[in-house]
Amino acid sequence: MLVTNRGEIAVRVIRACRELGIKTVAVYSDLDRNSLHTRLADESFALGGTTASESYLNIPKILEILEKSGADAVHPGYGFFSENAEFAKTIITKGVHFIGPPVEAIQIMGDKISARRAAEKVGVDGVPGTTDFIEHPSEVADFADQYGYPIAIKAAFGGGGRGMKVVESNDAIQGAIESAQREALAYFGRDELYIERYLTNPRHIEVQILADSHGNTIHLGTRDCSAQRRHQKLIEEAPAPGIDPKILNAMGEAAVAVAEGCGYVNAGTVEFLYENEDFYYLEMNTRLQVEHPVTEMVTGIDLVQQQLLVAQGDELQFTQDDVQLRGHAIEVRINAEDPAEGEFLPSPGKLEKLKLPAGFGTRWDGGYEEGDEISQFYDNLVGKLICWGETRQIAIARTVRALDEFQIEGLHTTIPADRAILTHADFGNLEHSTKWVEDVLDLTGIRGSSQPNSSSEPNLIHRSADIEVDGKLFNVAMWFPDNSGRIRRNASSSSGNSGGGDGKIAVPMQGTIVKVMTEVGASVSSGDVLVVLEAMKMENNVTSDVAGTVSEINVTTGDSVGAGDIVIVIEMT
Ligand code: MV4
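Everything quoted here is computed from the prediction, not taken from an experiment.

Undergrad: Help me understand the domain arrangement of the protein, please; the structure alone is not making it clear to me.
TA: When the parts of a complex come together, some accessible area is lost, and that lost area is often used as the size of the interface. Split by domain assignment, the protein resolves into domain 1 (2-99), domain 2 (128-197), domain 3 (203-439) and domain 4 (504-572). Taking only C-alpha atoms, the centre of domain 3 and the centre of domain 4 are 37 Å apart. Interface area, domain 3 with domain 4, both sides summed: about 750 Å², of which 53% is carbon and sulfur. Of all residues in domain 3, R230, Q232 and P346 bury the most surface against domain 4, accounting for 50% of the area lost on that side. In this assembly, domain 3 and domain 4 are joined by zero salt bridges. Connecting domain 3 to domain 4 are zero residue pairs in polar contact (both at pLDDT 80 or more).

See the structure below:
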């Protein structure tokens, strides 16, 4: 088995292969030479290069290694080429198993409009919307006349919220279309758009599908992925809580119908939006998902093992009636990001210390060991903590207990934010929807470590030590000035303004300039958008916090910028 991925999912697949006696071949970039997935694989081949596009997305190099290794199967993991029909076709054409669905199923579900049509064909309704590309802005206004605002404008070849814009009124239509097209073109190379009525407070519910090549298609229950921020899932759970079992079963049956309708084989996920006791089909993901472990924990079924068995032609060894859900499971994605009071700023670095939790019902799917590096060049997921409990309350308590056992030094993680979510009454009482993390949760004071507000002392190194005083053990946190001569950046606030209203406009995080919205000599007021920054997979407006005249523009479209870089200077009036 050639595993064309990295990090925790590569480790996950390699483990499942080893348990079945399947030899494994890993690939690695220059930065991943000594990574955990290469340490666990039977053989490892160098891809060369550093960035994802130079390495894990380098198809000629992957095919060369496929040839050299003699592998007769390829597992893509998730992300990268996992939903790329051309990649799957290339692999299959070489007589090599692609661990995933048939190419045609990938193609049907890759385009959101054909995916909607495929669902409607089997009687599964999506959110009220169109199944043709938007040809003219007037179509959006006409749709609004029929369904009212808000309306979601979505990229037909998009996913994960990219290229999705919400329109609240007629005068916002043109700008939203242009922004959605820009984002879709930048990310997917396609800018076709379609529209749906926008559900303002839905829960994001998905159904795990498993189908063999003998016509057996079953579902393995639901997952709730509503705790997310800017379309980045933070916490997932199974089964979806607080929903009538009849509705959950109806979602499961609808998902099976969609899978059967497109000739699906292997593992896949059908996504729904749930609001006011009703559910609407959203899209189908033709890959194994990051959050698959919560389904494994409540069903006792190893999904990667099932993928491998299905791919070698086996029939499923259990029927729909055999699938019995027990208890509740919660997954926390632990990313190398500083919650930074809600900014979630990337925090790559070396895992100087990584002590993991353990105990009953406590699982860690991680891609790294102590001493490994979390690079800025790849997804910053360190690993996933998955906890099972007889009830949701026990699962929550166990997850919080396990989070408190982590000892991670050398970089910041999202753990403080994850803990804030899990211990919040709204989460416990199921009063959260997909907008809750961004619109309701207060992350004031929640930062990468409990060090004091670092804006006054931006270069502090956090260390902790066990100190015994009169026979009693204390864990003492300390902060030392970091005199490593790093460049001091302009302290920047959340909206990208410079900290002190001095006319020096800095960006709040690393990213790419998508558009400069002003010019030298222009008069600007506080709050005017000056540049559009693509960061954290979204477009972010960087606004002025002063009034004056633009005197310097230091960037242009396509420039990469770091947190705190001054991009515009304004001569204040
Ligand atoms: C929606 C929606 C509400 N109404 N479509 C987000 C990414 C992709 N999976 C589809 N998504 C959504 N589509 C309509 N018509 C809500 C979401 C959504 C979401 C939206 C905003 C903020 C967070 C979200 C998390 C999950 C789903």
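Undergrad: What is the right way to look at the site of the ligand in this model?
TA: Around the ligand there are 18 residues in total, and K154, E196, R197, L199 and Q228 lie nearest to it. At a separation of 3.2 Å, a nitrogen atom of the ligand approaches a polar side-chain atom of E271. Calculation on the ligand without its partners gives an accessible area of 530 Å², and the protein chains cover 96% of this total. Mapped by element, the contributors of at least two residues to the shell around the ligand are β8 (193-197), β12 (266-275) and β13 (278-285). Tallied by class, residues from the shell around the ligand come to six nonpolar, six polar and six charged. Here the shell around the ligand gathers at least three residues from each of two domains, domain 2 (128-197) and domain 3 (203-439).

Undergrad: Quick question: what am I supposed to make of unusual backbone geometry here?
TA: Peptide bonds are, in most cases, trans, and in most cases residues other than glycine have a negative phi. The omega torsion across Y149 and P150 is 0°, close enough to zero to call that bond cis. Following the sequence through the fold, P150 ends up in the loop between α7 (138-147) and β6 (151-155). P239 follows A238 through a cis peptide bond whose omega is -10°. Along the chain, the position of P239 falls in the loop between β11 (232-238) and α9 (245-261). Of note, R230 is a non-glycine position whose phi angle comes to about 50°, a positive value. Considering the arrangement of structural elements, one finds R230 in the loop between β10 (217-229) and β11.

Basis of the calculations
Residues numbered from 1 in each chain as written. Predicted model: local features only at pLDDT ≥ 70, side-chain atom pairs only at ≥ 80, totals over all residues. Heavy atoms only, no water. Domains from an automatic or database assignment. Buried area = accessible area lost by both parts, 1.4 Å probe. Salt bridge = Lys/Arg side-chain N within 4 Å of Asp/Glu carboxyl O. Polar contact = N/O pair within 3.5 Å; in protein donor to acceptor, adjacent residues only side chain to side chain. Near = heavy atom within 4 Å. Areas by Shrake-Rupley, 256 points an atom, 1.4 Å probe, with all protein chains shown as cover. Helix = DSSP H or I, 4+ residues; strand = E, 2+ residues; numbered from the N terminus. Nonpolar A, V, L, I, M, F, W, Y, C, P; charged D, E, K, R; others polar.

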